[in-house]
Structure formats: C-alpha cells, structure tokens
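# Per-entry structural report
Chain residues, written in single-letter form:
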Amino acid sequence: MEKLAIVVPCYNEEEVLKIASEALRGVLDDLIRKGKIAEDSFILFVNDGSKDRTWELIEEEHQAHPVQVCGVKLAGNVGHQFALTAGLITAMDLSDVTVSIDADLQDDVAVIEEMIDKFHNGCDIVYGVRKERKTDTFFKRTTAQGFYKVMEMMGVKTVYNHADFRLMSKRAVEQFSKYQETNLFLRGMMPLIGYQTDCVYYDRKERVAGESKYPLKKMLALAFNGISSFSVKPISMILGSGVIIVLLSILAAIYALISYCTGHVVPGWTSLILSIWFLGGIQLMAVGLVGQYIGKIYIEVKHRPRYNIEKVLK
Ligand code: UDP
Ligand code: MG
C-alpha cells in the first residue's frame, strides 16, 4: 500500500490548526480502514514563519499523534508557494504520494478519497477543481475568473478554477523538484510535468476560522507573477504594436502627401506629426526587439527540464 503525505502550509493558522488536524486525521483513518493507503501515512504541517502559536500547536499535535502528524518549521515567512514547495519536497522522500491542501479547510477533504482512487487507476496528478464559487465575494470571483482567462490568452496552460489542492505521485514531485526557478507559480508549473492527470470536483466552502492570508496585494502579486513567469507574450505585444504604428504612419504619410499636393494643409503640420508617429513606432519596435532577446534569456536562465521521459521500451 502506498504511503500518503498530506502537505499543509500554515501561516498564522492557530485558530484552524486543531480543527484541520482532526479533520485530516479522520480522512487518514478512513482511508487506512478501507485499505487504500499505508498505515503510516501522515499529515505534514509546514509552518511558514507564523507569528502566532501555530508551531507550538503543531508540536502538540505531533506529541499527541506521533505517527500521523509531522511538522516542518521554516526559518521565516516565505509565502504560500514556497512553503508548499518545501513541504512537497520534504514529503517526497518520506512518502509515495502527496496531497496538498490549505489549512483553512476551504477545500473539501472528502474528495481526497476520490483523488486516491484516481491515483490507483494510474493518474500521477489529480487536480481539485472548484465547481462554483458561491462562497467567494463577487469581487474575488470575477477577478479570479478574469485571471484564468488572461492566462489562457497569454498561452499559459493552467487548470481552470484549480488552486493548490492537488494529488501528486512521488515521481511527479520528483520531476517538479527539477524546476529550479525562484519565481514560483505552482498552478502553472504542474501542467508542464505531463503524465496522466485528472480532476475531481468539489464545492469550495468558507474558511472554518481565522481570516484570509491572501489580501488583494498578495493576490495581484501572485497573478502578475503567474503571467510574467510563464509568458513572454507581453513583450511580443510591444513588438507587434510598434510594427502596427509604423505601418499606420506610412499610410498616414501617403495621405499627407496627397493632401500636400492638393494644397489643403497648414504648413509644418505634416512633417511634425508624421515624424512623431513614425519615430514612436520605430522606438516601440526596437524596445520590443530587445525584449525578445531578454525574453529568451529569461527562459534560458530558468533551466527548466526540457522533457520528462515516462517510459522506455527496449
Ligand atoms: N499561507 C502560507 N504562507 C503565507 C500565506 C498563506 O503558508 O504567507 C497558507 C495559509 O496558511 C493557508 C494557505 O496558504 O493554508 C492559503 O491561504 P488562505 O486560505 O489565507 O488564502 P485564500 O483561501 O483566502 O486565497
Ligand atoms: Mg483559504
């Protein structure tokens, strides 16, 4: 039987920690009883430099349930994406399959069983996808959905309405650990790994206690990071607009010449306006062109794995 590690990043989660621990231990017990996971499966809480009693509570839980509850204490606050990565990579050596979930139990723990079933059926990554966003505010819902649309436009593969609630097999985490980039956007990275994947659907609930650790500022930073780490399309857009402006100014030049010949112009206007537009367009094109090279350098320095071999027949 495979050993499961449930990875839970926690930042100032003293209000929810015990509740989360109890709920997740319930899931483990249930899955163990049904013979779907190994008996020494465990929860791995990652304390992301919390300023409250979160770590003390993790220690208490570990003392009370030494097998089922483990903890990792990061030396300072590094943010959700890094905390989750630290947890996944720590769990990679200790388990056969991981499930990552937030501490606030907004994601439905009941679908973990479905994820495990899909894992047994050969999936290496199973994404938890929110069916509806009834419990989110109108603002969060529209901005989040707009974000997925923009990502699609930018050519970045993400799973629509999937946050970081997902199952990953050991080999998927191993492949993920080869992505050494520092600007992390896990939701965009996982689809690059490949393998057989699937989704499970659930209704996202309210936070059981405490408040969101993702204020608007962090949300926008995550969204911008997602786009700028995965797409060099914005640079191509600059180049494209430069080309369009140059072409338009050539058309305008022809029009101005005709007007000049027919004598309907104020002296000086034509040459002034045309040079502003033409030079502006040339400058945009030049910036865009330089940008293309910078975009290439950016992609090169990431040193992402170029492929992932799943099987070799010989
Ligand atoms: N989190 C973290 N480090 C941070 C911010 C958040 O580890 O700097 C964790 C947090 O404890 C929670 C998860 O990331 O388990 C998601 O945060 P939250 O539920 O506040 O985000 P929301 O659901 O409101 O988007
Ligand atoms: Mg939450």
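Cut-offs applied
- Residues numbered from 1 in each chain as written.
- Chains lettered and ligands numbered in written order.
- Predicted model: local features only at pLDDT ≥ 70, side-chain atom pairs only at ≥ 80, totals over all residues.
- Heavy atoms only, no water.
- Helix = DSSP H or I, 4+ residues; strand = E, 2+ residues; numbered from the N terminus.
- Rg over C-alpha atoms; globule rule 2.2 N^0.38 Å.
- Buried < 20%, exposed > 50% of the residue type's maximum accessible area, 1.4 Å probe, protein only.
- Contact = heavy atoms within 4.5 Å.
- Areas by Shrake-Rupley, 256 points an atom, 1.4 Å probe, with all protein chains shown as cover.
- Lys, Arg positive; Asp, Glu negative; His and termini not counted.
- Charge placed at Lys NZ, Arg CZ, Asp CG, Glu CD.
- Near = heavy atom within 4 Å.
- Polar contact = N/O pair within 3.5 Å; in protein donor to acceptor, adjacent residues only side chain to side chain.
- UniProt positions renumbered as here; feature names shortened; annotations may be inferred.
- Expected span 1.5 Å × (residues − 1).
- Patch = residues over 30% accessible without salt bridge, like charges linked within 9 Å, V, L, I, M, F, W, Y side chains within 5 Å.
- Salt bridge = Lys/Arg side-chain N within 4 Å of Asp/Glu carboxyl O.
- Pairing = 2+ DSSP bridges.
- Phe/Tyr/Trp six-rings, centres within 6.5 Å; stacked < 30°, edge-to-face > 60°.
- Lys NZ or Arg CZ within 6 Å of the ring centre and 35° of its normal.

If you look the chain up in an unreviewed UniProt entry, it shows as Glycosyltransferase family 2 protein from Waltera intestinalis.

### Details of the overall build of the chain
Of the regular secondary structure elements, the chain holds ten helices and seven strands. Computed over C-alpha atoms, the radius of gyration of the chain comes to 26 Å, more than 25% over the 20 Å expected from 2.2 N^0.38 for 314 residues, which places it beyond the range of a compact globule. The principal-axis extent of the C-alpha atoms belonging to the chain is close to 90 × 55 × 35 Å. Looking at the chain as a whole, 44% of its 314 residues qualify as buried. Counted over contacts in the chain with a minimum sequence separation of 6, partners at least 24 positions apart contribute 83%. For the chain, the accessible area works out to roughly 16,900 Å², and carbon and sulfur atoms hold 62% of it. Across the chain, 36 positive and 37 negative side-chain charges occur, with their mean positions spaced 7 Å apart.

### A few points about the site of ligand 1
Close to ligand 1 lie 19 residues, the nearest being E13, D48, D104, S212 and K213. Within the side chain of N77, an N or O atom sits 3.3 Å from an oxygen atom of ligand 1. A distance of 2.4 Å is found between an oxygen atom of ligand 1 and a backbone nitrogen or oxygen belonging to K213. Burial of ligand 1 by the surrounding chains reaches 95%, relative to a free accessible area of 530 Å².

### Brief notes about the UniProt feature "transmembrane region" (unreviewed entry) in the chain
When the UniProt feature table is mapped onto this chain numbering, "transmembrane region" (unreviewed entry) sits at residues 238-260 and 272-294. When the span residues 238-260 is considered, its composition is 100% helix and 0% strand, and the gap between its end C-alpha atoms is 32 Å.

### Observations concerning helix α9 (residues 233-262)
Here α9 contains 30 residues, and its C-alpha end-to-end distance of 43 Å stays within 8% of the 44 Å for a straight helix at 1.5 Å per residue. Those residues of α9 that sit buried are G242, V246, S249, A256 and S259. Summarising the contacts, the buried residues of α9 are in contact with α10 (269-301). Just past α9, the residue G263 takes up positive phi, approximately 80°.

### Some thoughts on a nonpolar patch on the surface
A surface patch of nonpolar side chains, amounting to about 1,000 Å² of accessible area, comprises V243, I244, L247, L248, I250, L251, I254, I258, F278, L279 and I282. Residue assignment for the nonpolar patch shows that the elements contributing at least two residues are α9 and α10. Turning to its location among the elements, I258 is positioned in helix α9. Overall, I258 belongs to the exposed group, its relative accessible area being 53%.

### Here we look at the side chain of E61
Among the secondary structure elements, E61 is positioned in helix α2 (residues 54-64). What E61 contacts, discounting residues up to four positions off in sequence, is L17, K18, S21, R25 and V69.

### Focus on the pattern of salt bridges
By the definition in use, this model includes 23 salt bridges. Between R53 and E60 there is a salt bridge, with the nearest N and O atoms lying 3.3 Å from each other. According to the relative accessible area criterion, R53 is partly exposed, its value standing at 40%. Between E181 and K302 there is a salt bridge; the shortest N-O distance is 3.8 Å. Residue E181 is found in the loop between α6 (170-176) and α7 (186-193), and its partner K302 is found in the segment after α10; the two are separated by 121 residues along the sequence. When salt bridges that share partners are traced, they join D30, R33, K34, K36, E113 and D117 into one network.

### Focus on unusual backbone geometry
Residue L105 is not a glycine yet carries a positive backbone phi of 60°. Unlike most non-glycine residues, Y195 shows phi in positive territory, near 70°. The residue Y195 is located in the loop between α7 and β7 (197-202) in this model. Its relative accessible area of 18% is what places Y195 among the buried residues.

### Description of the pairing of strand β6 (residues 162-169)
Within β6, eight of the eight residues are buried, which leaves the element mostly enclosed by the surrounding structure. In terms of strand pairing, strand β4 (residues 97-100) meets β6 through four bridges, oriented antiparallel. Counted as the bridge partner of V97 is S169 from β6. Pairing of strand β5 (residues 125-130) with β6 involves four bridges; the strand directions are antiparallel. Looking at the pairing, V129 lines up with H162 of β6.

### What to know about the packing of aromatic side chains
All chains considered together, the criterion is met by five aromatic pairs. Measuring from ring centre to ring centre gives 5.4 Å for Y148 and Y160, while their planes differ by 65°; the resulting arrangement is edge-to-face. Here the residue Y148 occupies a position in helix α5 (residues 138-153), and Y160 occupies one in the loop between α5 and β6, the gap between them amounting to twelve residues. By relative accessible area, Y160 is classed as partly exposed at 38%. Ring centres of F185 and F230 lie 6.1 Å apart, and the angle between their planes is 65°; this geometry places the pair in the edge-to-face category. Here the residue F185 occupies a position in the loop between α6 and α7, and F230 occupies one in helix α8 (residues 216-230), the gap between them amounting to 45 residues. You'll find F185 and F230 in the same group, each marked buried. An aromatic cluster is built from F147, Y148, Y160, F185 and F230, whose rings are joined through pairwise contacts. Across from the ring centre of F230, 4.5 Å away, lies the NZ or CZ of R304, which sits over that ring.

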